[in-house]
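# Summary of structural features
One letter stands for each residue in the lines below.
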Amino acid sequence: MEVSSGVDQAGDDEQRARLPKGVEVYQISGPLFFGTANRLDNLLDQFRAPPKVFILRMRLVPVLDASGVHALKKLADRCQRKGIALVISGLQEQPNRVLARMQTHADPGHMHLAPDFEHALKLAERLTRLPAPAPAQ
């Protein structure tokens, strides 16, 4: 079965109902290569008000290339500038290795990693209770 590449607002009604206030979630499916990676740039522009926490679900991303890493770094930097905590959940083995090799792993205040969506939700709840970090200048 082929998984199509894409970036989608995670729309499962039950899942969305479980999100704490101030949290948004998107899911990427398929390899995160050049074409799909460019779509990450526009994710934060879709909100009227920026969320306090942004969960990016990557459990359906089997492969990540250098352009995907670059796009994730740009997204993390943009989140940091806007005072949004970024939580990446469900990294598979290859994307996890690539991010580690490129020294992009979790940096408190910059990017948080969660093994799955349940852990991401718990982390998001804790992060929403903390004072919002000041947007980077």
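The structure reproduced in this document is the subject of the present report. (Residues numbered from 1 in each chain as written. Predicted model: local features only at pLDDT ≥ 70, side-chain atom pairs only at ≥ 80, totals over all residues. Heavy atoms only, no water.)

## With respect to the pattern of salt bridges
Quick note on the threshold: Counted as salt bridges are all cases of a side-chain nitrogen of Lys or Arg within 4 Å of a carboxyl oxygen of Asp or Glu. Secondary structure follows DSSP: runs of H or I at least 4 residues long count as helices, runs of E at least 2 residues long count as strands, and numbering of each begins at the N terminus. Only protein chains enter the accessibility calculation, which uses a 1.4 Å probe; a residue is then buried when its area is under 20% of its type maximum, exposed when over 50%, and partly exposed in between.
The full count for this structure, using the stated rule, is 4 salt bridges. A salt bridge links Arg 129 to Glu 125; the nearest nitrogen and oxygen atoms lie 4.0 Å apart. A residue pair is termed a helical-turn pair when its members lie 3 or 4 positions apart in one helix, as Arg 129 and Glu 125 do in helix H5 (residues 117-129) at 4 residues. A residue is classified by how much of its surface remains accessible, and Arg 129, at 61% relative accessible area, is exposed.

## With respect to helix H3 (residues 66-82)
Inclusion rule: One less than the number of residues in a helix, times 1.5 Å, gives the span that helix is expected to have. Two residues form a contact once any of their heavy atoms are found within 4.5 Å.
For H3, spanning 17 residues, the distance from its first C-alpha to its last is 24 Å, which sits close to the expected 24 Å at 1.5 Å a residue. Contact partners of the buried residues in H3: helix H2 (34-37), strand S3 (53-60), strand S4 (85-89) and helix H4 (93-101). After H3 finishes, the residue Gly 83 shows a positive phi value of roughly 75°.

## Some details on the pairing of S4
We count it as follows: One requirement defines pairing of two strands: DSSP has to find at least two bridges between them. A right-handed crossover is one whose linking path, passing over the helix from the first strand to the second, runs clockwise when the strands point away from the viewer.
Judged by how many residues are buried, S4 sits mostly within the fold: 5 of 5 residues are covered. Residues Ala 85, Val 87 and Ser 89 point to one face of S4 and Leu 86 and Ile 88 to the other, with burial holding for every one of them. One ladder, built from 5 bridges, connects S3 with S4; its direction is parallel. From the neighbouring strand, Leu 56 faces S4, where its bridge partner is Ile 88. A crossover links S3 with its parallel partner S4, the connecting element being H3, and its sense is right-handed.

## Comments concerning the pairing of S3
Burial runs high along S3: 6 of the 8 residues are buried. Pairing analysis gives 6 bridges linking strand S2 (residues 23-29) to S3, with the strands arranged parallel. Its bridge partner lying in S3, Val 23 is registered against Val 53.

## Observations regarding the environment of Phe 33
Mapped onto the elements, Phe 33 comes out in the loop between S2 and H2. With 38 residues separating them in the primary sequence, Phe 33 and Ala 71 have C-alpha atoms 9.4 Å apart. If near-sequence neighbours (up to four positions away) are discounted, Phe 33 is found in contact with Val 63, Asp 65 and Ser 67.

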